Amino acid sequence: MAGMTVDKDKCVGCGLCASTCPQNAISLAGGKAAISEECVACGLCLDACRLGAIRRESGQRQQGLEQYRGILVFAEQHQGHLEDVTLELLCKAKELQRDLDCKICAVVPGRQGSHLAQTLIGHGADTVYVCPAEELDEPLEQQAADLVEQAIRRFQPEIVLFGATELGRSLAPRVAARLHTGLTADCTVLEIDREKRLLQQTRPAFGGNLMATIVCPDHRPQMATVRPGVFAKGEPEARQGEVEALPAPACQPAIQLVANQIAQRSAGIADAPVIVAVGKGIGSQKNIQYAQQLADRLGGQVGASRPLVDAGWAQYSMQVGQTGHTVAPKLYIACGISGAIQHLAGMAGAQTVVAINTDPDAPIFRVAHYAVVGDCVEVLKQLLAQLPEAPVPGGNI
């Protein structure tokens, strides 16, 4: 890893670097600056040192980078159903493949893997690694990490992609740490530098106020997570591919017991065709019931802005935004949401946006297809009075 070092011959022990360090990682020992393990290599001491006694030392470049070729996608499935983000990643992998001239592989855990292999091949995978072990039907992070690591060591891909799901967000950093490589989370853009074969990973930074493009030039594989709904899913094609079996990773009995007790997962807001999202303008926690009733009648689910989650009015699983879920419903009804840039980033994929707010200048209206200026609680009550009580089948609005 890159770090900061002190040239003892140049250092005069002035202490400017120590007073500048926000981590208190620099002290004076024997009249010279000394850097401790608390250093995060922020580089502020470089500017503070007028004698050039501090320098940044680059980490070692991994050997044999040229041996890594291809793209590997972690295919997340639950009870035989592939997560949509898996197919979205395969669609994006096909775009990247054009610049890399390489193969695409997918690794899918569980006994349903063999049945899902053709779907993965149809969406772009050239090879599908399966591990039809019962304990991997709903794998824990350790088990899934063992399987993905095994696939990476066999295939040696230059790029590995995960969905930024509950499992993916925990699994990806585990694998990256084991392989001593980098990981960029919550990417919104993936492109290839064709000359250097580098994956350019772009993600929001500083609260969404700017976009940062990150590369991993010295280690392989290059790894990234992508939120559901960021990329298109694409259409399947009639194509042939290979299916290879991987041995089941070793599993401790205690972990196996927990894995067997995992409850059936319910669909999240990321998959909802209709989302009725509530913000501070809903007024009180009890008023969320009107949003829930509307969502039920439209065959959708209730979402929430971060302030409501922070206040304890809604669960994190309902949060839409940069630090919550990225969604792409057919209809998004924003109730009492002002439209902070972090929230807008999470709902950018919505096909139709209806915004209800008392403030006619609210930022949410800039992205709304239909704007309603008024109290969202009263508007929700009026909508409920006009809709049948029976839910709309399948959210077909």
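Described in the following lines is the structure provided in the data block. The residue numbering used here restarts from 1 in each chain and proceeds along that chain's sequence as written. Reporting in this predicted model follows two pLDDT cut-offs: at least 70 for local features of residues, and 80 or more for side-chain atom pairs to be given and counted; totals over whole chains, interfaces and linings ignore these cut-offs and use all residues. Values reported for side chains reflect all heavy atoms of the structure, with hydrogen atoms and water molecules removed beforehand.

## Focus on the pattern of salt bridges
Under the convention used in this document: Here, a salt bridge means any side-chain nitrogen of Lys or Arg that lies within 4 Å of a carboxyl oxygen of Asp or Glu. Here a helix means four or more residues in a row that DSSP labels H or I, a strand means two or more in a row labelled E, and each is numbered from the N terminus. Think of it in three bands: with a 1.4 Å probe and only protein chains considered, a residue is buried below 20% of the maximum accessible area for its type, exposed above 50%, and partly exposed in between.
Tallied over the full model, the rule gives 14 salt bridges. Residue E149 pairs with R153 through a salt bridge whose shortest N-O separation is 3.0 Å. Taken as a pair, E149 and R153 lie in helix α5 (residues 141–155) at a separation of four residues, close to a single helical turn. According to the relative accessible area criterion, E149 is buried, its value standing at 16%.

## Quick word on the environment of Q118
Note the cut-off: Counted as a polar contact is a pair of N or O atoms within 3.5 Å, where, for protein atoms, one must be capable of donating a hydrogen and the other of accepting one, and residues adjacent in sequence contribute only when both atoms are in side chains.
With respect to the helices and strands, the residue Q118 is situated in helix α4 (residues 113–122). With a relative accessible area of 46%, Q118 lands in the partly exposed category. Distance in space between the C-alpha atoms of Q118 and E242 is 9.2 Å, their sequence separation being 124 residues. Here the side chain of Q118 touches R239 through a polar contact of 3.3 Å, landing on its backbone oxygen.

## Quick look at the side chain of Q77
Along the chain, the position of Q77 falls in strand β6 (residues 77–78). Q77 sits in the buried class, given a relative accessible area of 3%. Reaching out from Q77, the side chain makes a polar contact with the backbone nitrogen of Q79 at a distance of 3.4 Å. A distance of 3.0 Å separates a polar atom in the side chain of Q77 from the backbone oxygen of P109.

## Here we look at the sheet that holds strand β11 (residues 183–187)
In sheet architecture, strand pairing relies on hydrogen bonds along the backbone and comes in two forms, parallel and antiparallel. The cut-off we apply is this: By the convention used here, strands pair only if DSSP detects at least 2 bridges between them. Axis definition: a line fit to C-alpha positions, over the contact stretch in the case of helices; interaxial angles, taken between N-to-C directions, run 0 to 180 degrees. We call two residues in contact whenever any of their non-hydrogen atoms come within 4.5 Å of each other.
The strand order β11-β15-β10-β5-β8-β9-β16 describes an open sheet built from seven strands, whose pairing is parallel. Of all the strands in the sheet, just β11 and β16 (242–245) have a single pairing partner and so form its edges. Averaged over neighbouring strand pairs, the angle between their axes works out to 20° when direction is ignored. Across the sheet, α5 touches β5 (71–74), β8 (104–109), β9 (127–131), β10 (159–163) and β16, and the angle it forms with β8 is around 155°.

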